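Close look at the chain arrangement
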Amino acid sequence: MLFKVEMTVNIPLDMPVETAAEIKAKEKAYSQQLQNEGKWRHIWRVAGLYSNVSIFDVKDAEELHNLLLALPLYPYMNIKVDALCRHPSSIRDDDK
Ligand SMILES: O=C(O)CC1=CCC(=O)O1
């Protein structure tokens, strides 16, 4: 199943810079692992915001839920999830 996920990061202003850098490095490694596994298909920065729009390709909503809760930045994120389905005009074979 495909899901569009919008993540907005709000790191507390009083978090030490080194702590924030550590969490961001863990987030990057986790994200790149999931991208290599094909579960995190796309990630785009929303211009001008500390937000991304991502496409996940997972078995079901429960798998997505577990992946999102494991994000190192999860405690500092607002997350919005929308389920996607194939558009009838799509020319891509992998849009399912
Ligand atoms: O910077 C972000 O948008 C948060 C994030 C998600 C995966 C990643 O590497 O950073």
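Scroll up a little and you will see the structure.
Because the structure is a prediction, the values reported are computed rather than measured.

Re the nonpolar core
Core analysis: the biggest nonpolar cluster contains 18 residues, and V5, M7, F56, L64, L68 and L71 have the highest contact counts within it. Those elements that provide at least two residues to this core are strand 1 (2–9), helix 1 (17–36) and helix 2 (61–69). Not counting chain neighbours up to four residues away, the residues in contact with L64 comprise F3, V5, F56, V58 and V81.

Some details on the site of the ligand
As a matter of local geometry, the ligand sits amid V9, E27, K28, S31, W40, I43, R45, Y50, N52 and L73. A distance of 2.7 Å is found between an oxygen atom of the ligand and a side-chain nitrogen or oxygen belonging to R45. Contacts to the ligand include N52, whose side-chain N or O atom sits 2.9 Å from an oxygen atom. About the coverage of the ligand: the protein hides 88% of its 280 Å² of free accessible area. Under a 2 Å grid-point criterion requiring more than half of the atoms, the pocket assigned to the ligand is the largest pocket. When residues of the shell around the ligand are traced back to their parent elements, those giving at least two are helix 1 and strand 2 (40–45). Considered class by class, the residues forming the shell around the ligand number five nonpolar, two polar and three charged.

Calculation rules
- Residues numbered from 1 in each chain as written.
- Predicted model: local features only at pLDDT ≥ 70, side-chain atom pairs only at ≥ 80, totals over all residues.
- Heavy atoms only, no water.
- Core = buried A, V, L, I, M, F, W, Y, C linked by side-chain atoms within 4.5 Å.
- Buried < 20%, exposed > 50% of the residue type's maximum accessible area, 1.4 Å probe, protein only.
- Helix = DSSP H or I, 4+ residues; strand = E, 2+ residues; numbered from the N terminus.
- Contact = heavy atoms within 4.5 Å.
- Near = heavy atom within 4 Å.
- Polar contact = N/O pair within 3.5 Å; in protein donor to acceptor, adjacent residues only side chain to side chain.
- Areas by Shrake-Rupley, 256 points an atom, 1.4 Å probe, with all protein chains shown as cover.
- 1 Å grid on protein atoms, 1.4 Å probe; cavity = no way out; pocket = protein on both sides within 12 Å on 5 of 7 lines; lining within 4 Å.
- Sits in = over half its atoms within 2 Å of the grid points.
- Nonpolar A, V, L, I, M, F, W, Y, C, P; charged D, E, K, R; others polar.

Any link to function would need more than the numbers given here.
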